[in-house]
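Descriptive structure summary
These are the residues of each chain, in order.
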Amino acid sequence: MSAIFDALRRWPDVEAPDLVAVDAADRLILDESASLRATAVPGDIAVINDAYGALTLGAAEDGASGIRTHIDAITGERALTTNAARAGLTGHFRPLPLDAGLVRGARIVLLRLPRTRDALRDIAGLIAAHADPAVVVVAGGRLKHMSVSMNAVLSEHFGPLDISHARQKSRVLIARAPRDGRDPVPAAARVEGLEVRAYGGAFAGAKLDIGTRLLLQNLPGAPAGGTPSDPLIDLACGTGIIGARMATKFGGAHVYACDQSAIAVASARATMRANGLEERVTVARDDMLGARPSASASFITLNPPFHSAAAVTDLLAPRMFADVARVLRPGGQLWCVWNSGLRYRPLLERAIGPTEQVARNTKFTVTVSTRR
Ligand SMILES: C[S@@+](CC[C@H](N)C(=O)[O-])C[C@H]1O[C@@H](n2cnc3c(N)ncnc32)[C@H](O)[C@@H]1O
């Protein structure tokens, strides 16, 4: 197994010496599930929240086939595809959405614990509703990302948990005896006149982030674009709250909202439906603006991410600014909100063009950058 792990890459996600594609928690999940997997037949195994393919390809390397696998981030899903091709393991798995088909009848689930309890609750309920009654869930993570409240969430849908010894700052929880299954239902709230929907794990949940609030308060009166061929773009849309606000504030405007996270996209679609905006707002799962033509857009909003899988990194925003620069037409604008400590202004100036401060409070800064 170590040979495929040595070759595992995060690409097309950001890569850096301190950002790994496989870690001790992946190895522990595989080790703790090895004896179970040894008796698996094709179709028995589902993998949820693999980062870049370590769990899926580790199981495939040990002989499993018909693995059903779900990765929330499209960059992680694409990394799995290329890592599998390099390892000659392409035919051993199928990427699937996080729904009943992923876990129906599964007898072994390898789960990389998500960052939030709400996301874990959605996953645990789904497994309990649709997996084989004899399913064993081997759920692991890094100790620094785990809390005892995760045990409580798993206990809402399973019998007593077995808990592994910690190894290399990682731990595994083993859940059996599923009960009280339910399909994920998004959290719902009315926020400043908008209906917001959020599946577990969506940024800020069904609430308005304070940085996003500052951006919304300072949007311009009448942005250029908003036509079907030049929609207003809500890049990295999360629950779609910015896109929904633009579609209601600028009556008749067409909006394109995109995010690489499947949870975000499902949430944003639910938000648009709840506000009756699905005719004018297209929601897409994409890595940055990959599907948008170069020099085509007049108006883009962005509250940039800082998480790549479980890691916090400052490499994501510059990568996004470069793609925004590609997609904006000359004179087009990026309206961006960022934590004032991050000093994004020189990066925005360099990547996009002249950048002015529109608003600032104790924590956040809103800027407008005009494509040169
Ligand atoms: C700070 S949140 C902002 C969400 C939303 N716009 C808001 O203000 O509430 C950043 C978002 O970026 C998304 N993201 C991270 N990497 C991405 C990528 N490569 N392409 C598109 N979206 C990405 C995350 O999934 C997350 O939803």
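Definitions and cut-offs
- Residues numbered from 1 in each chain as written.
- Predicted model: local features only at pLDDT ≥ 70, side-chain atom pairs only at ≥ 80, totals over all residues.
- Heavy atoms only, no water.
- Pairing = 2+ DSSP bridges.
- Helix = DSSP H or I, 4+ residues; strand = E, 2+ residues; numbered from the N terminus.
- Axes fitted to C-alpha atoms, helices over the stretch in contact; angles between N-to-C directions.
- Contact = heavy atoms within 4.5 Å.
- 1 Å grid on protein atoms, 1.4 Å probe; cavity = no way out; pocket = protein on both sides within 12 Å on 5 of 7 lines; lining within 4 Å.
- Points joined across faces, edges and corners; volume = space filled by probe spheres on them.
- Nonpolar A, V, L, I, M, F, W, Y, C, P; charged D, E, K, R; others polar.
- Near = heavy atom within 4 Å.
- Polar contact = N/O pair within 3.5 Å; in protein donor to acceptor, adjacent residues only side chain to side chain.
- Areas by Shrake-Rupley, 256 points an atom, 1.4 Å probe, with all protein chains shown as cover.
- Buried < 20%, exposed > 50% of the residue type's maximum accessible area, 1.4 Å probe, protein only.
- Domains from an automatic or database assignment.
- Buried area = accessible area lost by both parts, 1.4 Å probe.
- Salt bridge = Lys/Arg side-chain N within 4 Å of Asp/Glu carboxyl O.

1. Section: the sheet that holds strand β11 (residues 255–259)
Across a sheet, paired strands are connected by hydrogen bonds in the backbone, their directions being either parallel or antiparallel. The 7 strands lie next to each other as β12-β11-β10-β13-β16-β18-β17, forming an open sheet whose pairing is mixed. Of all the strands in the sheet, just β12 (281–285) and β17 (355–360) have a single pairing partner and so form its edges. If you compare each strand with its neighbour and ignore which way they point, the axes differ by 20 degrees on average. Across the sheet, helix α10 (residues 262–274) is in contact with β11 and β12; its angle to β12 comes to roughly 170 degrees.

2. Describing the sheet that holds strand β1 (residues 45–48)
Spatial ordering of the open sheet is given by β3-β2-β1-β4-β5-β7-β6, a layout of 7 strands whose pairing is mixed. Taken across any chain shown, the strands that pair with only one partner, and hence form the sheet edges, are β3 (93–95) and β6 (162–163). Pairing geometry for strand β4 (residues 108–112) and strand β5 (residues 136–142), over 5 bridges, is parallel. Pairing of L110 across the sheet is with V138, part of β5. Most of the contacts of helix α3 (residues 54–61) go to strand β2 (residues 67–70), to which it runs at about 170 degrees, and overall it touches β1, β2, β3 and β4.

3. Section: empty space enclosed by the protein
Under the definition given, this model contains 1 cavity of 30 Å³ or more. Roughly 30 Å³ of volume is contained in the largest cavity. If you go around the largest cavity, the residues you meet are V191, E192, L194, L208, L216, I241 and R245. Its residues assigned to classes, the lining of the largest cavity comprises 5 nonpolar, no polar and 2 charged.

4. Structural notes on the site of the ligand
If you check the shell around the ligand, you find 17 residues, and the closest are T212, A236, D259, D287 and M288. Between the ligand and the protein, one listed contact pairs an oxygen atom with a side-chain N or O atom of D259 at 2.6 Å. A distance of 2.8 Å is found between a nitrogen atom of the ligand and a side-chain nitrogen or oxygen belonging to D287. Expressed as a share of its isolated accessible area of 600 Å², the protein-covered part of the ligand is 93%. For the shell around the ligand, the per-class residue count stands at 8 nonpolar, 5 polar and 4 charged.

5. Re the pairing of strand β9 (residues 194–198)
Among the 5 residues that make up β9, 5 are buried, leaving the element largely enclosed by the rest of the structure. Burial along β9 is two-sided: L194, V196 and A198 and E195 and R197, pointing in opposite directions, are all buried. As defined by bridge partners, strand β8 (residues 187–191) adjoins β9 across 5 bridges and the pair is classed as antiparallel. When the sheet's bridge partners are listed, A188 is paired in β9 with R197. Once β8 ends, the chain turns through 2 residues before running back antiparallel as β9, passing E192 with a positive phi of about 45 degrees.

6. Here we look at the domain arrangement of the protein
For the protein, the assigned domains read domain 1 (2–175) and domain 2 (187–370). The gap between the C-alpha centroids of domain 1 and domain 2 is 30 Å. At the interface, 23 residues of domain 1 touch 19 residues of domain 2. Around 1600 Å² of area is buried between domain 1 and domain 2 when both sides are counted, 53% of it from carbon and sulfur atoms. Joining domain 1 to domain 2, the criterion identifies 2 salt bridges. The residue D286 makes a salt bridge to R78 at a minimum N-O spacing of 3.8 Å. In this assembly, domain 1 and domain 2 are joined by 10 residue pairs in polar contact (both at pLDDT 80 or more). Those elements that place two or more of their residues in the side of domain 1 that touches domain 2 are α4 (74–87) and α6 (117–130). With 4 residues, the single largest contributor to the side of domain 1 that touches domain 2 is α4. The residue inventory of the side of domain 1 that touches domain 2, partitioned by class, reads 10 nonpolar, 4 polar and 9 charged.

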